Amino acid sequence: MKLRWFGHACFLIENGKRVIIDPFLTGNPMAPLKPNEVEVDAVLVTHGHGDHLGDAVEIAKNNDCPVVAIHELSRILAEKGVEAVGMNIGGTAVVSNIRVTMVKAFHSADYEDERGIISAGDPAGFVVEMDGKRVYHCGDTDVFLDMGLIGELYRPDVMLVPIGGWYTMGIKEAVKAVELVKPRYAIPMHYNTFPVIETDPKEFKKQVEEKIGNVEVIILRPGETLEF
Ligand code: NI
Ligand code: MN
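What this report covers is the structure whose coordinates are included nearby.

Cut-off values and rules
Residues numbered from 1 in each chain as written. Chains lettered and ligands numbered in written order. Predicted model: local features only at pLDDT ≥ 70, side-chain atom pairs only at ≥ 80, totals over all residues. Heavy atoms only, no water. Donors = N, O, S within 2.8 Å, 3.2 Å for Na, K, Ca; no water. Tetrahedral: all angles 85-135°; square planar, octahedral: opposite > 155°, others 65-115°. Helix = DSSP H or I, 4+ residues; strand = E, 2+ residues; numbered from the N terminus. Buried < 20%, exposed > 50% of the residue type's maximum accessible area, 1.4 Å probe, protein only. Axes fitted to C-alpha atoms, helices over the stretch in contact; angles between N-to-C directions. Parallel < 35°, antiparallel > 145°, perpendicular 65-115°, else oblique. Left-handed = near helix turned anticlockwise from the far one by under 90°. Contact = heavy atoms within 4.5 Å. Nonpolar A, V, L, I, M, F, W, Y, C, P; charged D, E, K, R; others polar. Pairing = 2+ DSSP bridges. Right-handed = clockwise from strand over helix to strand, strands pointing away.

1. Considering the coordination of the nickel ion (ligand 1)
The protein atoms donating to the nickel ion (ligand 1) are H47 (NE2), H49 (ND1), H107 (NE2) and D140 (OD), with metal-donor distances spanning 2.2 to 2.3 Å. Relative to the metal, the four donor atoms surrounding the nickel ion (ligand 1) lie at angles of 88 to 177°, and the coordination shape comes out irregular. Counting residues between consecutive donors of the nickel ion (ligand 1) along the chain gives the motif H-x1-H-x57-H-x32-D. In this structure the manganese ion (ligand 2) is found 3.3 Å away from the nickel ion (ligand 1), and D140 serves as a bridging donor for the pair. With H107 in the loop between strand 8 (98-104) and strand 9 (110-113) and D140 in the loop between strand 12 (133-137) and helix 4 (147-154), this residue pair connects regions lying 33 residues apart in the sequence. With a relative accessible area of 26%, H107 lands in the partly exposed category. What makes D140 buried here is its relative accessible area of 2%.

Given below as structure tokens:
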């Protein structure tokens with residue numbers, strides 16, 4: 001499986017099929033490519049905030065592929081003329097032959113367009129499974145004890161963890177989150193995109209690897225790929 005980071009919370013996961021999560025590329029100073037360069041079979045969106053929904057509609061239209069989101073957000077996206085697949089927390093959907101489980105995230109969620117701010121359902125995380133390999137994208141969240149259940153039920157190989165603080169958990173909470181989930185690899189995300197979420201991923205790596213056994217922290221540069 002190949003996992004490529006496009007900065008912020010945006011990852012491309014590839015294992016035969018290709019899926020992009022939270023495609024915030026336009027306006028993302030770390031993004032190494034443009035939305036029209038993305039080729040995927042599905043788009044996943046954790047919640048309606050602009051730094052996650054990003055270019056989802058454009059990418060789905062370009063690739064003629066579905067967008068997966070929580071029910072309420074999926075209805076908003078369907079109005080924009082894309083094939084929107086609505087699901088909800090705890091459910092597993094199979095989209096373009098990719099197994100997607102939606103899990104809880106502790107955050108807020110709305111959607112903003114020319115009509116103003118619209119309620120867009122709850123925020124979420126995803127566990128994506130392709131060919132027996134699993135990736136847990138936490139979405140925007142604080143740590144919560146039930147992350148232990150996510151680890152136990154889905155046994156993710158890789159955990160994508162926000163560490164930037166301010167809008168999500170910071171390093172202290174993120175280290176605890178990794179301890180609860182116990183993935184093989186943890187990849188920090190949602191940091192250094194903007195000044196208020198500046199943090200040092202090496203400090204996260206140091207603390208995880210000191211406190212928790214059998215977890216390797218991989219610090220990716222935007223555009224870089226982990227193959228496992
Ligand atoms: Ni958010
Ligand atoms: Mn965010």
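2. Structural notes on the packing of helix 5 (residues 171-181) against helix 6 (residues 201-211)
Interhelical geometry of helix 5 versus helix 6 gives an angle of 40° and a closest axis separation of 10 Å. It follows that helix 5 is oblique to helix 6 by the angle criterion. The hand of the helix 5/helix 6 crossing is right-handed. Between helix 5, through I171, A174, V175 and V178, and helix 6, the contact on the second element is made entirely by E203, F204, Q207, V208 and K211. A breakdown of the residues in the contact of helix 5 with helix 6 according to their chemical character gives six nonpolar, one polar and two charged.

3. Focus: the pairing of strand 12
Note that strand 11 (residues 124-130) and strand 12 share five bridges and pair antiparallel. Following the sheet pairing, E129 is matched in strand 12 by R134. Taking the residues that link successive antiparallel strands as the turn, the strand 11-strand 12 hairpin has two residues, and the phi of D131 there is positive, at about 50°. Judged from the three bridges that link them, strand 12 and strand 13 (residues 158-162) form a sheet pairing that is parallel. Among the inter-strand pairings, Y136 is bridged to a residue of strand 13, identified as M159. Of the crossover connections in this fold, the one passing from strand 12 over helix 4 to the parallel strand 13 is right-handed.

Geometry only, nothing functional implied.
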